[in-house]
Amino acid sequence: MPAPGLKRTDLLVVGSGVAGLSAALAAAGPATDAEGCQVVVLTPGTLGSDGATCMAQGGVAAAVDPRDDPDAHAADTARAGEGLGDPERIRILTHEASGRITDLVDWGARFDRASDGTLALGLEGAHGHRRILHANGDQTGRELARVLRARVRSHPRIHVVEGVRVRALRARASGPAGPTQVTGVTAEGADGLPVAIEAPVTLLATGGAGRLYRWTTNPPWASGDGIALAIEAGAWLAGMEFMQFHPTALHVSMDPLPLVSEAIRGEGARLVDATGRPLFGAE
Ligand SMILES: Cc1cc2nc3c(=O)[nH]c(=O)nc-3n(C[C@H](O)[C@H](O)[C@H](O)COP(=O)(O)OP(=O)(O)OC[C@H]3O[C@@H](n4cnc5c(N)ncnc54)[C@H](O)[C@@H]3O)c2cc1C
């Protein structure tokens, strides 16, 4: 936690889930390089442990099996999204996935392996091929967070500030009719004192907004802060009709609700009502 006052950096990353940590590492570049982008990562709790990432269970999809291919993964992804997904983003996601898995393995990620030593691949709903990598059974997110957190903490150009929640983007108009330029953030520390940090580039990686709903599997910080911050600064948003819901959670008095992994349906389980009738038609 820095002393209250203005700080500066090249890139400010808000949030320390898989998105924020990956972006920080990509921007900072190899730790061995003498020079590179200086990055500050802000997070309200503990680095890599306060968002949805460390809760992810079933696994992460990538066409790593030699009999699989990224185009088939892309086709499955487009079909699962009823054709509403952006084809170019789906292409990037599916074609870069196995490279990112290689990075994670090189950095020490311990994905579960079959008896012959190859990566163990699960099947989930909508995938036409086994391509779900998992770690320690259903602890995939925890393993990814462990690896990314260690790499970020040891990087000489990434500075982590824990215990701060961003409250507003600092912005100024770039000219009389020009767009608003974000120049950093104002955050609140655990002690309630304001912390201001300036940067020419601010990346909002604040995760989802599942906490807007009464029953959710999402963690406390999934409150849509990044969306609100962006709107307040004048940003245009896209894709707001998309909200991820887990169709299976245990309805017990716990908050968040414990997830019943989607892997169970990939492996053949069917959702039925009390009379045995399928909930989602013929699955
Ligand atoms: C129970 C559960 C199981 C899941 N299982 C899977 C799975 O098996 N496979 C899969 O692919 N996906 C799964 N997901 C979804 C996956 O976890 C998310 O899509 C992914 O982790 C999102 O990463 P992120 O970095 O965007 O967000 P997050 O990991 O949520 O990180 C957001 C970060 O922003 C921070 N933040 C929020 N507001 C502020 C603020 N105002 N100021 C500063 N920081 C802020 C948060 O504290 C956090 O550090 C699951 C999700 C849940 C909840």
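Residues numbered from 1 in each chain as written. Predicted model: local features only at pLDDT ≥ 70, side-chain atom pairs only at ≥ 80, totals over all residues. Heavy atoms only, no water.

### Side note on the packing of helix α1 (residues 18-28) against helix α4 (residues 140-153)
Working step 1: Running from amino to carboxyl end, α1 crosses α4 at an angle of 40 degrees, the nearest separation of the two axes being 10 Å. For α1 against α4, the interelement crossing comes out left-handed. Residues Val-18, Leu-21, Ser-22 and Leu-25 of α1 form the contact with α4, whose participating residues are Leu-148, Arg-149, Arg-151 and Val-152.
Working step 2: For the contact of α1 with α4, a count of residues per class yields 5 nonpolar, 1 polar and 2 charged. (Axes fitted to C-alpha atoms, helices over the stretch in contact; angles between N-to-C directions. Helix = DSSP H or I, 4+ residues; strand = E, 2+ residues; numbered from the N terminus. Left-handed = near helix turned anticlockwise from the far one by under 90°. Contact = heavy atoms within 4.5 Å. Nonpolar A, V, L, I, M, F, W, Y, C, P; charged D, E, K, R; others polar.)

### Comments concerning a nonpolar patch on the surface
Working step 1: Together, Leu-212, Tyr-213, Met-243 and Phe-245 make up a nonpolar patch on the protein surface, roughly 410 Å² of accessible area in all.
Working step 2: Along the chain, the position of Tyr-213 falls in the loop between β11 (201-204) and α5 (225-232).
Working step 3: The exposure class assigned to Tyr-213 is partly exposed, which follows from its relative accessible area of 37%. (Patch = residues over 30% accessible without salt bridge, like charges linked within 9 Å, V, L, I, M, F, W, Y side chains within 5 Å. Areas by Shrake-Rupley, 256 points an atom, 1.4 Å probe, with all protein chains shown as cover. Salt bridge = Lys/Arg side-chain N within 4 Å of Asp/Glu carboxyl O. Buried < 20%, exposed > 50% of the residue type's maximum accessible area, 1.4 Å probe, protein only.)

### Points about the layout of surface pockets
Working step 1: The volume enclosed by the second largest pocket comes to roughly 200 Å³.
Working step 2: In terms of lining residues, the second largest pocket is bounded by 13 residues, among which Trp-215, Thr-216, Thr-217, His-246 and Ala-249 are the most central.
Working step 3: Looking at side-chain class alone, the lining of the second largest pocket contains 6 nonpolar, 7 polar and no charged residues. (1 Å grid on protein atoms, 1.4 Å probe; cavity = no way out; pocket = protein on both sides within 12 Å on 5 of 7 lines; lining within 4 Å. Points joined across faces, edges and corners; volume = space filled by probe spheres on them.)

### Describing the sheet that holds β11
Working step 1: Reading across from one edge, β7-β3-β2-β11 is the order of the 4 strands in this open sheet, with parallel pairing throughout. For this open sheet the edge positions go to β7 (158-162) and β11, each flanked by a neighbour on one side alone. Within this sheet the neighbouring strands show an average axis-to-axis angle of 20 degrees, counted without direction.
Working step 2: Relative to β11, strand β2 (residues 11-14) runs parallel, the two being bridged by 4 bridges. Bridge pairing in β11 places Val-13 opposite Leu-203.
Working step 3: Against the sheet, α1 engages β2, β3 (39-43), β7 and β11, with an angle of about 170 degrees to β3. (Pairing = 2+ DSSP bridges.)

### Side note on the sheet that holds strand β5 (residues 121-122)
Working step 1: Sheet architecture is open: 3 strands sit in the order β4-β6-β5, paired in antiparallel fashion. Strands with a single pairing partner mark the edges of an open sheet, and in this sheet they are β4 (60-61) and β5.
Working step 2: In this sheet, strand β6 (residues 132-133) lies alongside β5 in antiparallel orientation, the contact comprising 2 bridges. For Leu-121, the partnering residue across the bridge sits in β6 and is Leu-133.

### Quick look at the nonpolar core
Working step 1: Val-39, Val-41, Leu-104, Phe-111, Val-152 and Ile-158 are the most contacted members of the largest nonpolar core, which has 24 residues in total.
Working step 2: Looking at this core, the elements that each hand over two or more residues are β2, α1, β3, α3 (87-106), α4 and β7.
Working step 3: Ignoring anything within four residues of it in the chain, the contact list for Val-41 reads Val-13, Gly-15, Ser-16, Ala-24, Leu-47, Ile-158, His-159, Val-160 and Val-161.
Working step 4: Among the nonpolar cores identified, the runner-up in size contains 15 residues, and Val-40, Leu-42, Val-164 and Ala-187 belong to it. (Core = buried A, V, L, I, M, F, W, Y, C linked by side-chain atoms within 4.5 Å.)

### Considerations on the site of the ligand
Working step 1: In the vicinity of the ligand, 30 residues are found, and the nearest of them are Asp-50, Ala-52, Thr-53, Gly-59 and Asp-225.
Working step 2: Contact between the ligand and Asp-50: an oxygen atom at 2.5 Å from a side-chain N or O atom of the residue.
Working step 3: Within the backbone of Ala-205, a nitrogen or oxygen atom sits 3.4 Å from an oxygen atom of the ligand.
Working step 4: Secondary-structure elements contributing two or more residues to the shell around the ligand are α1 and β8 (164-173).
Working step 5: The biggest single contributor to the shell around the ligand is β8, with 3 residues.
Working step 6: Grouping the constituent residues of the shell around the ligand by class yields 12 nonpolar, 15 polar and 3 charged. (Near = heavy atom within 4 Å. Polar contact = N/O pair within 3.5 Å; in protein donor to acceptor, adjacent residues only side chain to side chain.)

### Digging into the side chain of Thr-217
Working step 1: Here Thr-217 is to be found in the loop between β11 and α5.
Working step 2: By relative accessible area, Thr-217 is classed as buried at 13%.
Working step 3: A polar contact is formed between the side chain of Thr-217 and the side chain of Asn-218, at a distance of 3.4 Å.
Working step 4: For Thr-217, the side chain forms a polar contact with the side chain of His-246, separated by 2.7 Å.
Working step 5: Thr-217 has contacts with Met-55, His-246, Ala-249, Pro-256, Leu-257 and Leu-259, leaving out every residue within four places of it along the chain.

Keep in mind these values describe shape, not function.
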